[in-house]
Amino acid sequence: MNLATQILAAHADSENIAPGDFVNVHVDLVLANDITAPLAIKEFRRLGVEKVFDPSRIVMVPDHFSPNKDIASAEQVKIMRDFCREQGIIYFEVGEMGIEHVLLPEQGLVLPGDVIIGADSHTCTYGALGAFATGMGSTDIAAAMATGDIWMKVPPTIKFIYHGELGKWVGGKDLVLYTIGDIGVDGALYSAMEFTGEAVSELPMDGRFTMANMAIEAGGKAGIFRVDNKTQLYIKQRARRPYLVYDDERDSDDEYARIIEYDASAIEPQVALPHSPANVRPLSQVGEIEIHQAVIGSCTNGRLEDLRIAAQVLRKRKVNPNVRCIIIPGSQQVYLDALIEGIIETFIRAGAAVSTPTCGPCLGGYMGVLAAGERCISTTNRNFVGRMGSPQSEVYLANPAVAAASAVAGKIISPDEL
């Protein structure tokens, strides 16, 4: 079996499973946020169960509309907060919390070999650590909170091999955008996407999180990486509990539904044009596109390495007077680290606004909603119609370096053009 099926088999108490099999899987962690948790809690109450299966295995994070943007969001968070206190569930309050998919790896709550389910589609982010992580609906989350198990169909695995060395300003965001542009938003439908190759080995952990995060944008059930020395170093001082690394070196090509190979050295920075993450072009072919806003952050690119890259571009430069540049660290720890390194000062001197951690503008929530006719370049993961505000606005997806350079120029450009 390959890596994904090995993990699922171990959690299904089975020696051998295959794609298409229906299995009952023990979960290591269950996640919900301020949008999805209230519905999961309501369904949990309907089950008539008094206590969750294990409060240390459930995490709730108020990150989408928190700090509360209005009364409705405050009520949502209160439902979640009260339930967590009642059940003893792990809960991160404002001042400690971050964007869930940045926060949980940072806190050592998700680990190699885990099965993790979350009531958020980007739960697949944790596959960067060699875990099987996937998003599910709030009703499934309620059942998992009660039983510690979930029912699922074993997905096939598509193996993506990235050969060669990465070019200048090219990172995980570009590799995954290029891949989605190649295979389409349904190219990996209900499949595990396994990322490997020399270029992937070269990526820092932050770049791997970015790639796993956007597996869902290709229709993937999960995105997954093998555990290497970089992974082990990342989790060494973070892990809160024991974990098991699954070794897939024994597998053969026939364990995969498809194998797709790319020459990463030929990939330049990529931009996804409206209104699809698959509408991808190389930066050099994007043309003259004026922007009104730049957003750097989110569960896709709100980690410290992302902010370092953006600061490298913005240092001793000014944001264009016709552009709002909004920067959102992915967690309080990322914010603090960036502050200590002088990165936050660089952003403020450049004329950017720096926010407390929140999903905010990514889903058109707050902290950067677009008006009709406005264009935004963003390091987020989706650019559907109305995703960031008005249905008459446009969102362009790019890496942090391109977003920062575009904020300075007032149009989408390469950092090398500054």
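This structure is a prediction, so every number in the text was calculated from the model and none was measured.

A.B. asks: Mind showing me how you'd approach the layout of surface pockets here?
C.D. replies: Remark: the empty space left among the atoms is shown by a probe the size of a water molecule rolled over them. As a volume, the largest pocket reaches approximately 340 Å³. Surrounding the largest pocket, 22 residues form its lining, V170, G171, G172, E305 and I309 being those nearest its centre. For the lining of the largest pocket, the secondary structure elements donating two or more residues are α6 (172-183), α8 (205-213), α11 (304-314) and α14 (400-409). Considering each element in turn, the lining of the largest pocket owes the most residues, four residues, to α11.

A.B. asks: Can you walk me through the environment of A144 in this structure?
C.D. replies: Relative to the helices and strands, A144 is located in helix α5 (residues 138-147). In this view, A144 contacts V30, F53, I117 and D149; residues no more than four positions away in its chain are not counted.

A.B. asks: Just to check I follow, could you spell out the state of the cysteines for this structure?
C.D. replies: Disulfide: a covalent bond formed between the sulfur atoms of two cysteine residues. All chains considered together, the criterion is met by zero disulfides. In this structure C362 is not part of a disulfide, and its nearest cysteine sulfur, from C299, lies 6.1 Å away.

A.B. asks: In this structure, what is going on with unusual backbone geometry? I would like to understand it.
C.D. replies: Negative phi values dominate among residues other than glycine, just as trans dominates among peptide bonds. The amide bond that connects S66 to the next residue, P67, takes the cis arrangement and shows omega of 0 degrees. If you trace the backbone, P67 turns up in the loop between β3 (58-61) and α3 (71-87). Of note, the bond from P274 into H275 is cis; its omega dihedral lies within 30 degrees of zero at -5 degrees. Tracing the sequence through the fold places H275 in the loop between β12 (270-272) and β13 (280-282). The phi torsion at D13 lies on the positive side, around 55 degrees, for a residue other than glycine. For S298, which is not glycine, the phi torsion reads 85 degrees and is therefore positive. Locating S298 in the fold gives a position in helix α10 (residues 298-301). A residue is classified by how much of its surface remains accessible, and S298, at 6% relative accessible area, is buried.

A.B. asks: Hey, could you run me through the packing of aromatic side chains in this one?
C.D. replies: We describe a pair of aromatic rings using the distance from one ring centre to the other and the angle between the two ring planes. Taken as a whole and assessed by the stated rule, the structure comprises eight aromatic pairs. Ring-pair connections join several aromatic residues into one group, and the members of that group are F160, Y162, Y178, F195, F225 and Y262. One Lys or Arg, K69, reaches over the ring of F65 and ends 5.4 Å from the middle of that ring. A cation sits over an aromatic face here: R238 above Y234, 3.9 Å from the ring centre.

What counts and what doesn't
Residues numbered from 1 in each chain as written. Predicted model: local features only at pLDDT ≥ 70, side-chain atom pairs only at ≥ 80, totals over all residues. Heavy atoms only, no water. 1 Å grid on protein atoms, 1.4 Å probe; cavity = no way out; pocket = protein on both sides within 12 Å on 5 of 7 lines; lining within 4 Å. Points joined across faces, edges and corners; volume = space filled by probe spheres on them. Helix = DSSP H or I, 4+ residues; strand = E, 2+ residues; numbered from the N terminus. Contact = heavy atoms within 4.5 Å. Disulfide = S-S within 2.5 Å. Buried < 20%, exposed > 50% of the residue type's maximum accessible area, 1.4 Å probe, protein only. Phe/Tyr/Trp six-rings, centres within 6.5 Å; stacked < 30°, edge-to-face > 60°. Lys NZ or Arg CZ within 6 Å of the ring centre and 35° of its normal.

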